[in-house]
Amino acid sequence: MKNKLLYFGLLVVTLYLAILYDSPMLLGLCLMEGVLPVVSVILLLWTAAHMEAQIYLPIGVAEKEQPVNVGVRIENKSRIPVSRLEAKIKIQNRFYQPEKEVTFQGMADGRGTTRLTTAITSSQCGPVALWVEQAKIWDLFHLFGKKIRVDGKEELSVLPEYYAAVVEIASQIREQLIDSEEYDEKRPGDDPSQIFQIREYREGDRMQRIHWKASARTSQLMVKDYSMPIGSGALVLFDLRVAEDAGMVFLDQAVESGLAILQGFLDQEYPPRAAWYNCRTQSMEQMEIRESEDLYLLTSRLFQAGPYGEEILLEEVYQHSYPQDGYRVCLRIATDGQWWADGILKGKLTRAGLETEGISV
């Protein structure tokens, strides 16, 4: 508005002087001042029709508090450079509703692509959506603005902090793994119904596991390694419920604590399974956790599921959804840090407690 007032004032002054002094030169200058904005607007409309703004996100994964470059990419297919442009992008962690807005200002060359970037950080984990809310360019005299097309939406996955919890498993629970027709392809176990591999004898191997036929065939002692069933011995339920009156509740603790407990079961070579309720599909989902790398995929699936507001009896829903699946122990982790074992409230989880005292099942 300020530029328009200045330009209008200049036009009025020029016209006044042209009439006052009856000057053809000043009159021509006044006419040119009136035509130039029209030409500028025509060029502005032409340029805007050949420009597009997209979100710019070079990497899609980051850790909490890690700076990540984000911005807007402006593509100008016309030959006319733009001396002033402004773009606004919105940033929203889908786990937490408030949106943030970042404004970029700059210029764009003709027949080229311009990137305007800045560094952002996130103090909470979760899927962070980024999109261009609005992009606008101005004419040569900065008098008139015109919005340009915006397209695309990107997502940044801010990973939780991965660590291992101390998990103590009672001997009677460890010895009662559920029978399964599936076996781990990478690790041996103690199920004599399935042979994992036949290998050379090593000091400390039990004589009962010597494979006598293979030993006679190879002229050296060979030993049988039994297989490990991958039927779930432990079930960890991620309760991602956030009550409507809870205000700003961070899900980091629930996600990180659950992942740490799963890693603790892996360290104890006790097969865990994770399960959660997906409010988008309105269904229960589960995943076998066989190695640490599976925790990254689980994180992504938890992000896709997102939080919900209604109370859900996860244990009952799981049994109804997967009636054939069994487990020896069931843990439920809530967003407020509390946890249950087989339906009994055990207390509140903290990272310091998980890493030092741990949990016993």
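Because the structure is a prediction, the values reported are computed rather than measured.

What follows concerns the pattern of salt bridges. Within this structure, the stated rule accounts for nine salt bridges. A salt bridge links E161 to R351, with the shortest nitrogen-to-oxygen separation between them at 2.5 Å. Of this pair, E161 sits in the loop between β10 (153-159) and β11 (167-168) while R351 sits in helix α8 (residues 351-356); the two residues are 190 residues apart in sequence, bridging distant segments of the chain. Take E161: its relative accessible area is 37%, and that puts it in the partly exposed class.

Turning next to the pairing of strand β4 (residues 82-93). Counting buried residues in β4 gives nine out of 12 residues, a clear majority hidden from the surface. The pairing of β4 with strand β5 (residues 99-108) spans nine bridges and is antiparallel. Across the sheet, residue E86 finds its bridge partner in β5, namely Q105. Across nine bridges, β4 lies against strand β7 (residues 126-138) in antiparallel orientation. Each residue of the ladder has a partner; that of Q92, found in β7, is A129.

Let us look at the sheet that holds strand β9 (residues 149-151). As summarised here, the arrangement of the four strands in space is β6-β3-β1-β9, forming an open sheet in which the pairing is mixed. Bordering the open sheet on either side are β6 (112-120) and β9, each of which pairs with just one other strand. Each adjacent strand pair in this sheet contributes to an overall mean axis angle of 20°, direction not counted. By the bridge criterion, six bridges tie strand β1 (residues 51-56) to strand β3 (residues 68-76) in an arrangement that is antiparallel.

Within a beta sheet, neighbouring strands are joined by backbone hydrogen bonds and run either parallel or antiparallel to one another. Read across the sheet, six strands follow the order β17-β16-β15-β18-β19-β20 without closing on themselves; strand pairing throughout is mixed. At either end of the open sheet lies a strand with only one pairing partner, and these are β17 (283-288) and β20 (344-348). Ignoring which end each strand starts from, the neighbouring axes of this sheet average 25° apart. In terms of strand pairing, strand β15 (residues 234-239) meets strand β16 (residues 272-278) through five bridges, oriented parallel. Note that in β16 the partner of A234 across the bridge is P272. Strands in contact with helix α7 (residues 314-321) are β15, β16, β17 and β18 (329-334); relative to β15, the strand with the most contacts, it is inclined by about 120°.

Right, let's talk about the side chain of D239 for a bit. Residue position: D239 is located in strand β15. The exposure class of D239 is buried, given its relative accessible area of 8%. A polar contact is formed between the side chain of D239 and the side chain of R332, at a distance of 3.2 Å. D239 has contacts with Y308, L314, R332, I333, A334 and T335, leaving out every residue within four places of it along the chain.

Scoring rules and cut-offs
- Residue numbers here run from 1 along each chain, matching the order of that chain's written sequence.
- The model is predicted, so local features are restricted to residues of pLDDT at least 70 and side-chain atom pairs to those at 80 or more, both for listing and for counting; the totals for chains, interfaces and linings are taken over all residues.
- Heavy atoms from the whole structure form the basis of all side-chain values; hydrogens and water molecules are not counted.
- Basic side-chain nitrogens of Lys or Arg form a salt bridge, by our definition, when they fall within 4 Å of a carboxyl oxygen of Asp or Glu.
- The helix and strand labels rest on DSSP assignments: H or I over at least four residues marks a helix, E over at least two residues marks a strand, and numbering proceeds from the N terminus.
- Any residue under 20% of the maximum accessible area for its type is buried, any over 50% is exposed, and the rest in between are partly exposed; the area is computed with a 1.4 Å probe on protein chains only.
- Strand pairing requires that DSSP identify at least two bridges connecting the strands.
- Only the contacting stretch of a helix is used when fitting its axis, a line to C-alpha atoms as for every element, and angles between N-to-C directions run 0 to 180 degrees.
- Only heavy atoms matter for contacts: two residues are in contact if any of them lie within 4.5 Å across the pair.
- Two N or O atoms count as a polar contact when they lie within 3.5 Å, although within protein this holds only if one can serve as hydrogen donor and the other as acceptor, and sequence-adjacent residues are included solely when both atoms are side-chain atoms.

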